[in-house]
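# Chains, contacts and geometry: an overview
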Amino acid sequence: GAGVSQTPSNKVTEKGKYVELRCDPISGHTALYWYRQSLGQGPEFLIYFQGTGAADDSGLPNDRFFAVRPEGSVSTLKIQRTERGDSAVYLCASSLRGGTGELFFGEGSRLTVL
Amino acid sequence: GQQVMQIPQYQHVQEGEDFTTYCNSSTTLSNIQWYKQRPGGHPVFLIQLVKSGEVKKQKRLTFQFGEAKKNSSLHITATQTTDVGTYFCAPGGSNYKLTFGKGTLLTVNP
């Protein structure tokens, strides 16, 4: 597809479970970002990849959160031992080179932890 | 990332009225981007401002970057129902990280 694709679009899980959220960026975009958005708030930065490496993971809230991008394309955000406070929309965005360029966002994955 | 304050938090207007949202920083910004998010949707890029005092127009939308590069504004002339959504400013630092403001939610009464 032409845009950023995120799966699943919705995920309901129980407290304590493990969750994976996937992001397929626009082909050729080397920069990939994960944001988290709670209701009524702006997107909150989590992590930034340039190619395969996590250039900045300073936004990850704690060590339950981890993200990978092994081949420099698809990225997976992994959340262990989910908590109710993790409930949010997780947004993935990509840009051509990173830096100050336009971000193209996916539709997001809505995570609900019961 | 850079921290900004967006005001107002909410704005309700009658269709045809003008609308302005402001983004203020206590520090000098390298650049600033604006995004629009429709209800239930994802943020969509509108514009990037880089130069001091820059003014850019997109049809009914006018974007300004302050002379001191500490504030920015988005003005919509003669709002339409299609303008409904949340408008975010996102200052960029000298690096790649975009930090989003809390946004201004615009509702338009037809």
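My aim in this report is to walk through the structure given alongside it, one point at a time. (Residues numbered from 1 in each chain as written. Chains lettered and ligands numbered in written order. Predicted model: local features only at pLDDT ≥ 70, side-chain atom pairs only at ≥ 80, totals over all residues. Heavy atoms only, no water.)

### Things to note about the pattern of salt bridges
Tallied over the entire structure, the rule returns 5 salt bridges over all chains. Across the salt bridge formed by E83 of chain A and R64 of chain A, the nearest N and O atoms sit 3.6 Å from each other. One end of the pair, E83 of chain A, is in the loop between β8 (75–79) and β9 (88–95); the other, R64 of chain A, is in the loop between β6 (53–56) and β7 (65–68), and 19 residues separate them in sequence. You can call R64 of chain A buried: its relative accessible area is 6%. A salt bridge links R60 of chain B to D83 of chain B, with the shortest nitrogen-to-oxygen separation between them at 2.9 Å. Taken as a pair, R60 of chain B in the loop between β6 (55–58) and β7 (61–65) and D83 of chain B in the loop between β8 (71–76) and β9 (85–92) lie far apart in primary sequence, 23 residues in all. (Salt bridge = Lys/Arg side-chain N within 4 Å of Asp/Glu carboxyl O. Helix = DSSP H or I, 4+ residues; strand = E, 2+ residues; numbered from the N terminus. Buried < 20%, exposed > 50% of the residue type's maximum accessible area, 1.4 Å probe, protein only.)

### A look at the interface of chain B and chain A
Taken together, the contact pairs 17 residues of chain B with 21 residues of chain A. Between chain B and chain A the total buried area reaches about 1600 Å² when both faces are included, carbon and sulfur atoms providing 53% of it. Counting the contacts that link chain B with chain A gives 5 residue pairs in polar contact (both at pLDDT 80 or more). Those elements that place two or more of their residues in the side of chain B that touches chain A are β4 (31–37) and β5 (44–49) of chain B. The leading source of residues in the side of chain B that touches chain A is β4 of chain B, at 4 residues. The residue makeup of the side of chain B that touches chain A, split by class, is 7 nonpolar, 8 polar and 2 charged. (Contact = heavy atoms within 4.5 Å. Buried area = accessible area lost by both parts, 1.4 Å probe. Polar contact = N/O pair within 3.5 Å; in protein donor to acceptor, adjacent residues only side chain to side chain. Nonpolar A, V, L, I, M, F, W, Y, C, P; charged D, E, K, R; others polar.)

### Here we look at the sheet that holds strand β3 (residues 19–24) of chain A
Residues and elements named next belong to chain A. Strand order in the open sheet formed by 4 strands is β1-β3-β8-β7, with antiparallel pairing between adjacent strands. Looking at which strands have only one partner, the edges of the open sheet turn out to be β1 (5–7) and β7. Averaged over all pairs of adjacent strands, the angle between strand axes in this sheet comes to 15°, irrespective of strand direction. (Pairing = 2+ DSSP bridges. Axes fitted to C-alpha atoms, helices over the stretch in contact; angles between N-to-C directions.)

### Overview of unusual backbone geometry
The omega torsion across T7 of chain A and P8 of chain A is -10°, close enough to zero to call that bond cis. Position of P8 of chain A among the secondary structure elements: in the loop between β1 and β2 (10–13). Cis rather than trans, the peptide bond between I7 of chain B and P8 of chain B has omega equal to -5°. Position of P8 of chain B among the secondary structure elements: in the loop between β1 (4–7) and β2 (10–14). Here the phi dihedral of R81 of chain A falls at roughly 45°; this positive angle occurs in a residue that is not glycine. If you trace the backbone, R81 of chain A turns up in the loop between β8 and β9. Here K59 of chain B, not a glycine, exhibits a phi torsion of approximately 55°, which is positive. Looking at where K59 of chain B falls in the secondary structure, it is placed in the loop between β6 and β7.

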